[in-house]
Amino acid sequence: MHRSAAVIALALAAVVASGCDALGVETPEKAAAAREADGKAIGAACRHAGRAIEDCFAIYKKADRAAIYAGWRDMNDYMRENKIEPVPPQLTAAVPRGRARSGDAGDPPETATR
């Protein structure tokens with residue numbers, strides 16, 4: 001009888017753990033994967049816009065630098081292979097001076113028209 005209680009407890013734990021996704025609970029692994037994907041998207045967009053990697057790091061201070069670089073490098077390779085020219089940004093990014101701006105890494109940079 002004791003063994004069946006342990007099996008039921010394990011089964012219940014598995015159901016509860018798998019239910020986290022259904023309930024929308026974000027796990028640390030999902031959060032890390034989302035941050036990495038955001039960083040890669042930021043890097044790719046910076047490269048496509050013709051921004052230097054250093055400018056991208058300065059604009060998106062809260063994003064993971066390694067992910068930004070990976071996205072920038074992947075887009076660079078893709079653009080070279082397919083002979084794609086950069087598309088200059090229509091808005092210029094205002095890089096905050098001093099302290100980093102608030103918001104998460106996925107927020108668009110503060111912009112001003114030319």
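Everything below is about the structure shown above.
In this text the structure is predicted, and so the values were computed from the model without any measurement. (Residues numbered from 1 in each chain as written. Predicted model: local features only at pLDDT ≥ 70, side-chain atom pairs only at ≥ 80, totals over all residues. Heavy atoms only, no water.)

**Q** If you had to explain the state of the cysteines to someone new, which residues and values would you point to?
**A** Going through the model one piece at a time under the given rule, you end up with one disulfide. Each disulfide pairs two cysteine sulfurs, and for Cys-46 the partner residue is Cys-56, the sulfurs being separated by 2.2 Å. Disulfide Cys-46-Cys-56: torsion about the S-S bond near 75°, hence right-handed. With Cys-46 in helix α2 (residues 28-48) and Cys-56 in helix α3 (residues 53-59), this residue pair connects regions lying ten residues apart in the sequence. (Disulfide = S-S within 2.5 Å. Helix = DSSP H or I, 4+ residues; strand = E, 2+ residues; numbered from the N terminus.)

**Q** So what's going on with the packing of aromatic side chains? Residues and values would help.
**A** Under the criterion given, the structure shown has zero aromatic pairs. In this structure, Arg-47 is placed above the aromatic ring of Trp-72, and the distance from its NZ or CZ to the ring centre is 5.6 Å. Directly above the ring of Phe-57 sits Arg-65, whose terminal nitrogen or CZ lies 4.5 Å from the centroid. (Phe/Tyr/Trp six-rings, centres within 6.5 Å; stacked < 30°, edge-to-face > 60°. Lys NZ or Arg CZ within 6 Å of the ring centre and 35° of its normal.)

**Q** Quick one: what's the story with helix α4 (residues 65-81), residue by residue and with numbers?
**A** Here α4 contains 17 residues, and its C-alpha end-to-end distance of 24 Å stays within 8% of the 24 Å for a straight helix at 1.5 Å per residue. As for α4, its buried residues are in contact with α2 and α3. Downstream of α4 by one or two residues, Lys-83 has phi in the positive range, about 50°. (Expected span 1.5 Å × (residues − 1). Contact = heavy atoms within 4.5 Å.)

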